[in-house]
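Structure assessment
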Amino acid sequence: MTYFMSCVTSEEERRVRANDRDYNEKFHLDFSFLLIQSNCIMTSKYNIITFLPVNLFEQFQEVANTYFLFLLILQLIPQISSLSWFTTIVPLALVLSITAVKDATDDYFRHKSDNQVNNRQSQVLIRVQWMLTLSFCIYFQADLLLLSSSEPHGLCYIETAELDGETNMKVRQSVSVTSELGDQNNLASFDGEVVCEPPNNKLDRFCGTLYWRDKKYTLTNQNMLLRGCVLRNTEACYGLVIFAGPDTKLMQNSGRTKFKRTSIDRLMNTLVLWIFGFLVCMGVILAVGNAVWEREVGSLFQSYLPWDPPVDNFLFSAFLSFWSYVIILNTVVPISLYVSVEVIRLGHSYFINWDQQMFCSQCNTAAEARTTTLNEELGQVEYIFSDKTGTLTQNIMSFNKCSINGQTYGKYTHTHTLSGRFIRLDFTPFNPLADPNFCFYDDTLLESVKVGDSHTHEFFRLLSLCHTVMRELVYKAQSPDEGALVTAARNFGFVFRSRTPGTITTTEIGRPVTYTLLAILDFNNIRKRMSVIVRNPEGRIRLYCKGADTVLLERLHPCNQELMNITSDHLNEYAADGLRTLALAYRDLSEDEWEAWSESHRCADKATNCREDRLAAAYEEIEQDMMLLGATAIEDKLQEGVPETIAVLSLANIKIWVLTGDKQETAVNIGYSCKMLTDNMTEVFIIRGHTVQSVRQDFRSVSLSAACLSFSPAAHALEADMEMEFVSTACACKAVICCRVTPLQKAQVVELIKKHKKAVTLAIGDGANDVSMIKSAHIGVGISGQEGIQAVLASDYSFSQFRFLQRLLLVHGRWSYLRMCRFLCYFFYKNFAFTMVHFWFGFFCGFSAQTVYDQYFITLYNIVYTSLPVLAMGIFDQDVPDQRSLEYPKLYEPGQLNLLFNKREFFICIAQGIYTSVVLFFVPCAVLSDATQSTGVPLADYQTFAVTTATALVIVVSVQIALDTGFWTVFNHVFVWGSLGSYFTIMFALHSQTLFKIFPNQFHFVGSAQSTLLQPVVWLTIALATAICIVPVLAFRFLKVDLKPQLSDTVRKHTQTQHFGSGREVAKKV
Amino acid sequence: MATSYNAKEEDGHHSGASSHGAAGVVKSKKPDNTAFKQQRLPAWQPILTAGTVLPAFFVIGLIFIPIGIGLYVSSNNIKEFEIDYTGVDISNPCYSCAKNFSWNSTTPCVCSMNFTLEQPFESNVFMYYGLSNFYQNHRRYVKSRDDSQLNGDQSALKNPSKECEPYRTSDGLPIAPCGAIANSLFNDTLELYHIDSNNTRNTIPLVKKGIAWWTDKHVKFRNPGFIKLNKHLCTNKPVNWRKPVYELDPSDPDNNGFINEDFIVWMRTAALPTFRKLYRIIQKKSNTTPTLPSGKYVLEITYNYPVLSFDGRKRMILSTISWMGGKNPFLGIAYITVGSICFFLGVVLLIIHHKYDTRSNSADIPN
């Protein structure tokens, strides 16, 4: 759980003056301050001094704790006090201290993680307190205005994956006047003033003005470096802090942190309220009884038992009796319930942390339960919202297949090759410059290069020329796709060496060649292609173009028809494999054509208005009549086991939605490759309406099994009046992919499902753009180790591979849910069985709030005699082994349907508890009233009765927990037998003469234990009561398993019979 | 394969284990492979199958039924005689005593009840008094005592616990023994006579010691040590008492004061409003003659203890005893019933199991 400091600013605009510390301080922008406080992420709650008061204050805000404090005060009133004060204070103190220890540990870890985050390095110009210099691969810590950088023209490359999930690099440029500032001394004297918008959450927009030397410069998003971005390909840059800490756009986008509660928590709170109601009812019944008794009997009995002086009539007596009964019956609202639940969850969290099968050895990261209060909710998940980049995929591109002149190469995808049957090509003998990490498995392509096939050569030549990659050999590509393609070309002998603004130098099969670069026709999302025009050493001018197949195939020369058909088939094949495809083409240009186009291009470039459009038109003009070379297929490698995981989760009836900021094609491709979308989902429905009406229309027309919702540019789908349609449509689809969603929209989608479906949701992601959805889902899971740790910090669980999700849900979640439910059932049962005996006794003791048991027994029952066996069950119980829950994902269903603990189950437990209390009171009552010891002394005295009932109770609830426990580890044995042992030991100690001699007024029960438990009649009574309590339960459970077995029963039985032959070995193996 | 593109860097949070070996071995965070941490502890996993549950029912039945029969028989062999001497009816000899009771009267009222034992009582016979509708288990009654005082504590003797109110002090002096329980000590005197064939009354010797718990007599109740229990204690007797505590049994110092057994028995409060307490033991005289031969008897009551005001009842009970205590038919019947039900349930479940069981051919687990 993360608690971000929130700082509410209601400014209309923000003014920041460079190098004016006093002025800026009011925005907390002074860096020394900023580093210490407002830019720090503060997730911890306490320090050493504040811990005790703050923690106690918080704990007494819990209704339950306050209630017990109130009881404690009631007990100090002698007329009311039906129990000694310690019967309440001992459990209360225990509960408070356990919770305090847990809170302290939690906070200690938060302090540790805060320090880690806040100590990320960035250097501050010493004298200029608010300017930062940042170097390569550094995460920005605040929203900065880019002033200058080490690159020419104040350029600066950043990666925004943490913000929007897009992995291609983006360029930011400083305002030209500041880019010339250059070194630090000049920067130190820079005294411009920035006026800009107040803090907001729009990631793609910024407007402001820089006033410097009496001139105005407009500032846009192009000049901004936002927190969460990573500096790439740039040595250093200087920036002016505009927004810091909670004001940054990233933080503004991260959504509010809410305290997460599980549905079991909420149910538990409701039930506790009901129990309160029940308690009050019982109190009222007994108070009425008291009034009647005092009037009819008590008033006459005054010769032997006069009323207390302050009590002069039966009504007042009844009033006091009500409170007395509230005190003795308070154990139906078990004080140790909450703390036991916490302990169990903590145990489950440790099991998650310890799970070797959720440990990723590559990145040395174990799974981590960052929130320890949500475990059982993991067993009830119905919807998973997943990020794409870095979550489903590794975000590593590999050149996988290609089609050259109608010939396809590269038969096998990565997954096939894991088996090791195919030999990886070794490029080194052929090409010393090859990248040793490059994998390709089809030697025919290499042969074709070696033979000197002109198409193949041209294909790779294109790849080595037509790109925007910088540097040599250690390529810095704007997008990982490009990097993969250039690397492929490099391995096949066409090595990109260097570029200058006018030339590109390559090594073609060992021979250095320098091309004159005439023009670069940029890539953008509308054109979906890029081209270069180069003149080769021989003087021939050629345009090389690569781009999306849909766009490029339209612009081919008609003579390509046949080749185009074949290539299209290949492209479809690749796409079906979930590969990212590009088509490649070239066009020869004559000098005249080039001259003519070059002229029009220059015109367009110089135009002041509609420059973009005119450039695009110019590009369009030249990218015609091209000759098709072939196509490439790049695999955005899925993380290991993603399709399998998705398959298993789907079998478990969990619906998986992919929410990504990436573009639709990529998203759909990934949908196919991770088997979310399958071929029998013939048509993928895409909602791309831009107006409210068209979106509505789109929703109504959906009748398909899969939907891909594209949210750009306007998010009409999420508007209030569209909610229902969105939810009903999306939920009818087998698979849902939402693309182009902003971080906040991701959260909105999650909220919608939470609101309308009342289902448990889980969000999984790895980047800062997933933070809001992680926070708003019931459970947030962060993938660690890829895109920084923003997501992990906001998450409840974190691990490093998507595939661990199936284990987290189907094994840990399922067990947690099962254990928690069994725990709660038993817990309520044992407290009702314990407490209701007082109720029945009330009818025989003049409704005087006399307890049945010794006060020490009441104190210790919940915290010593019966706490550990049920805790052991709550922590260790298993119905089926972990492999089975993965083999039979249907075993997950009871959790989703909330079958194991709901109001009905609760009433059954309560009824069983009440039945037990009836038996435990009336059986000893009937037997002992006339019975005598073998010495003739009657057994019907109060102390014998108390010891008999208490012993019977402890034995009955122990037998019951033994019945409930399905997995008897050594701990269960130790705790169950230990509890019984401790009961007898403690009882004999408390009834011993030694203690009595020291405190004769505290230990009234001296000698009762021996004298009672030596009587055979007492044991016969206990055995009788136990049999009457347990036999019906046993019969009922047997019938249930025998006639209507649940899947888990069947699997459990099956597992045992399978292992029957191998006997003891099983226990070790399973 | 890594493309040349320098994919996303980690940001210092996780020290990458994959970082190129040379930089020193990074400590693996891999969790320990222990059975405990991996939740693979060896465990016994019981299942409720027909093979285990049905035999359990039969076994319970087969154990309970004989025990029940044994209990029932031995309970039936016990002789018990009960007589109510409250004096509610005008026909009752104690009627006048009950009606004319006054706390202030100095002369005790004595009444006699005749009764006949149809069968002889063998072995030791235990004599109880029983009270009904007497709430010894009322919370205010139960706590109205001072165990320190009863344990002989000097300071508690002089300054009894507040719990004893309103029987803590009287006339400015502390009450010993204080509290409502002690105050309401049962003080009827019961004497038993056998009318033999000559119509002469033979006193039956009643043993008044050995009727309390050993721990009560020897640990819980102690007389205040060095000071003799006498007037000089500066304590007052409980208001209802006719004589002070040190005169409860002046003849026997070992049965006087706080360790008087009648007093101890009374102080062990009853669990239910109808109860009996051991009063006297009639010891077996010889192996040949029964302790109480069948015939006529007279119970002579010194009627000191009023119960009519709150509709209470007083009884005298004579009973013999077996290994499992006094007469207790309920336990035997309950055992027989429960045992039979178990057996019956076992049969029913067996039939249900055979009739409806689909005998899950374990292979067909739905998936």
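Note that this is a predicted model, so its numbers are computed, not measured.

**Comments concerning the interface of chain A and chain B**
- Each partner contributes residues to the interface: chain A has 148 residues there, and chain B has 112 residues.
- Contact between chain A and chain B buries roughly 11,200 Å² in total, counting both sides, with carbon and sulfur atoms accounting for 62%.
- A per-residue breakdown of the area chain A buries against chain B is headed by Tyr 304, Gln 356 and Phe 1038 of chain A, which together make up 8% of the total.
- Remark: the boundary between chain A and chain B carries 2 salt bridges.
- Put simply, Glu 294 of chain A and Arg 140 of chain B hold a salt bridge, and the shortest N to O gap is 3.2 Å.
- Put simply, chain A and chain B have 30 residue pairs in polar contact (both at pLDDT 80 or more) between them.
- In terms of residue class, the side of chain A that touches chain B is built from 74 nonpolar, 52 polar and 22 charged.

**What about unusual backbone geometry?**
Residues and elements named next belong to chain B.
- Omega for the peptide link from Glu 165 to Pro 166 comes to 0 degrees, which places this bond in the cis form.
- The residue Pro 166 is located in the loop between α5 (154–158) and β4 (169–170) in this model.
- A cis amide bond links Ala 176 with the next residue in sequence, Pro 177, at an omega value of -10 degrees.
- Take Pro 177: it is sitting in the loop between β5 (173–174) and α6 (180–183).

**What about the pairing of strand β3 (residues 125–132) of chain B?**
Residues and elements named next belong to chain B.
- Within β3, 8 of the 8 residues are buried, which leaves the element mostly enclosed by the surrounding structure.
- What you see with β3 is no split at all: Val 125, Met 127, Tyr 129 and Leu 131 on one side and Phe 126, Tyr 128, Gly 130 and Ser 132 on the other are buried throughout.
- Strand direction decides the pairing type here: β3 and strand β8 (residues 275–282), joined by 7 bridges, are antiparallel. Counterpart to Leu 131 in the pairing with β8 is Phe 275.
- Note that β3 and strand β10 (residues 313–319) share 7 bridges and pair antiparallel. Across the sheet, residue Tyr 129 finds its bridge partner in β10, namely Met 316.

**Side note on the sheet that holds strand β1 (residues 14–17) of chain A**
Residue and element names in this part refer to chain A.
- Across the sheet, 4 strands lie side by side as β1-β7-β8-β9; this open sheet has antiparallel pairing. Two strands close off the open sheet at either side, each with one partner strand: β1 and β9 (215–219). The average angle at which neighbouring strand axes cross in this sheet is 20 degrees, direction not considered.
- In this sheet, β9 lies alongside strand β8 (residues 208–212) in antiparallel orientation, the contact comprising 5 bridges. Residue pairing for β9: Leu 210 is matched across the bridge by Tyr 217.

**Thoughts on a nonpolar patch on the surface**
- Taken together, the side chains of Leu 76, Trp 85, Ile 89 and Val 90 of chain A define a hydrophobic patch exposed on the protein surface, amounting to about 380 Å² of accessible area.
- You can see Leu 76 of chain A is positioned in the loop between α4 (63–75) and α5 (86–118).

**Quick look at the state of the cysteines**
All names here are of chain B.
- Within the structure shown, the criterion is met by 3 disulfides over all chains.
- Between the sulfur of Cys 94 and that of Cys 111 lies a disulfide, 2.0 Å long from S to S. Taking the torsion about the S-S bond as the criterion, the Cys 94 to Cys 111 disulfide, at about 85 degrees, is right-handed. Taken as a pair, Cys 94 in the loop between β1 (80–84) and α2 (95–99) and Cys 111 in strand β2 (residues 109–117) lie far apart in primary sequence, 17 residues in all. Across the pair, exposure class does not vary: Cys 94 and Cys 111 are buried alike.
- Across the disulfide, Cys 97 is cross-linked to Cys 109 (sulfur-sulfur distance 1.7 Å). Between Cys 97 and Cys 109 the sulfur-sulfur dihedral comes to about -80 degrees; the bridge is accordingly left-handed. One end of the pair, Cys 97, is in helix α2; the other, Cys 109, is in strand β2, with 12 residues separating them in the sequence.
- Residue classification places Cys 97 among the buried positions, given a relative accessible area of 2%.

**A word on the nonpolar core**
- In this structure, Trp 266 and Leu 318 of chain B are the most contacted members of the largest nonpolar core, which totals 208 residues.
- The element that contributes the greatest number of residues to this core is helix α28 (residues 804–842) of chain A, accounting for 18 residues.
- What Trp 266 of chain B contacts, discounting residues up to four positions off in sequence, is Tyr 129, Leu 131, Phe 134, Gln 136, Tyr 141, Ile 181, Ser 184, Leu 185, Phe 186, Phe 275, Lys 277 and Tyr 305 of chain B.
- Counting residues in hydrophobic clusters, the runner-up holds 45 residues, among them Cys 360, Leu 649, Ile 670 and Leu 810 of chain A.

**Thoughts on the confidence of the model for chain B**
Residues and elements named next belong to chain B.
- The pLDDT averaged across chain B works out to 84; a share of 87% of its residues lies at or above 70.
- For residues 1–24, every residue scores under 50 in pLDDT, and the model assigns this stretch 63 contacts once sequence neighbours within four places are set aside.
- Predicted complex metrics record ipTM = 0.91 and pTM = 0.82.

**Topic: the packing of aromatic side chains**
Residue and element names in this part refer to chain A.
- For the coordinates displayed, the defined rule picks out 81 aromatic pairs over all chains.
- Plain terms: the ring middles of Phe 385 and Trp 657 are 5.4 Å apart, the flat faces sit at 75 degrees to each other, and that makes the pair edge-to-face. Taken together, the residues span a long stretch of sequence, with Phe 385 in strand β14 (residues 381–386) and Trp 657 in strand β24 (residues 655–659) at a distance of 272 residues. In this pair, the class of Phe 385 matches that of Trp 657, namely buried.
- A cation sits over an aromatic face here: Arg 295 above Phe 314, 5.7 Å from the ring centre.
- Here the basic side chain of Lys 830 rests over the ring of Phe 827, its NZ or CZ set 4.4 Å away from the ring centre.

Thresholds applied
- Along each chain, the written sequence defines residue order, and numbers are assigned to residues from 1.
- Following the order in which they are written, the chains are lettered starting with A and the ligands numbered starting with 1.
- A pLDDT threshold of at least 70 governs which residues receive local features in this predicted model, and a stricter bar of 80 or more applies before side-chain atom pairs are shown or counted, although totals over entire chains, interfaces and linings include all residues.
- Only hydrogens and water are set aside; all other atoms, that is, all heavy atoms of the structure, feed into the side-chain values.
- Note on contacts: a residue pair qualifies if any of its non-hydrogen atoms lie within 4.5 Å across the two residues.
- Summed over both partners, the accessible area (1.4 Å probe) lost when two parts come together is defined as the buried area.
- The term salt bridge refers to a side-chain nitrogen of Lys or Arg lying within 4 Å of a carboxyl oxygen of Asp or Glu.
- Polar contacts here mean pairs of N or O atoms no more than 3.5 Å apart (in protein, one a potential hydrogen donor and the other a potential acceptor; neighbouring residues in sequence count only if both atoms are side-chain atoms).
- We call Asp, Glu, Lys and Arg charged. Ala, Val, Leu, Ile, Met, Phe, Trp, Tyr, Cys and Pro are nonpolar, and the rest, Gly among them, are polar.
- Under the scheme used here, helices are H or I runs from DSSP no shorter than 4 residues and strands are E runs no shorter than 2 residues, and both carry numbers assigned from the N terminus.
- A 1.4 Å probe rolled over the protein chains alone gives each residue an accessible area, and that area as a share of the maximum for its type sets the label: buried under 20%, exposed over 50%, partly exposed in between.
- Paired strands, in this sense, are two strands between which DSSP finds at least two bridges.
- For helices, the fitted line uses only the C-alpha atoms of the stretch in contact; every axis is such a line through C-alpha atoms, and the angle between N-to-C directions lies from 0 to 180 degrees.
- Patches here are clusters of residues that have more than 30% relative accessible area and form no salt bridge, with a 9 Å joining cutoff for like charges and a 5 Å cutoff for nonpolar side chains (Val, Leu, Ile, Met, Phe, Trp, Tyr).
- Methods summary: accessible areas were calculated by the Shrake-Rupley approach with a probe of 1.4 Å, and residue burial reflects only the protein chains presented.
- Disulfide assignment relies on a single distance test, namely cysteine sulfur atoms paired within 2.5 Å.
- Each nonpolar core is a collection of buried residues, namely Ala, Val, Leu, Ile, Met, Phe, Trp, Tyr and Cys, held together in the definition by side-chain atoms within 4.5 Å.
- Confidence of the predictor at the level of single residues is given by pLDDT, which spans 0 to 100.
- Side-chain rings of Phe, Tyr and Trp (the six-membered ring for Trp) are treated as a pair once their centres are within 6.5 Å; stacked means planes under 30 degrees apart, edge-to-face means over 60, and tilted covers the remaining angles.
- Note on geometry: a ring has a charge over it if NZ (lysine) or CZ (arginine) is within 6 Å of the ring centre and within 35 degrees of the ring normal.

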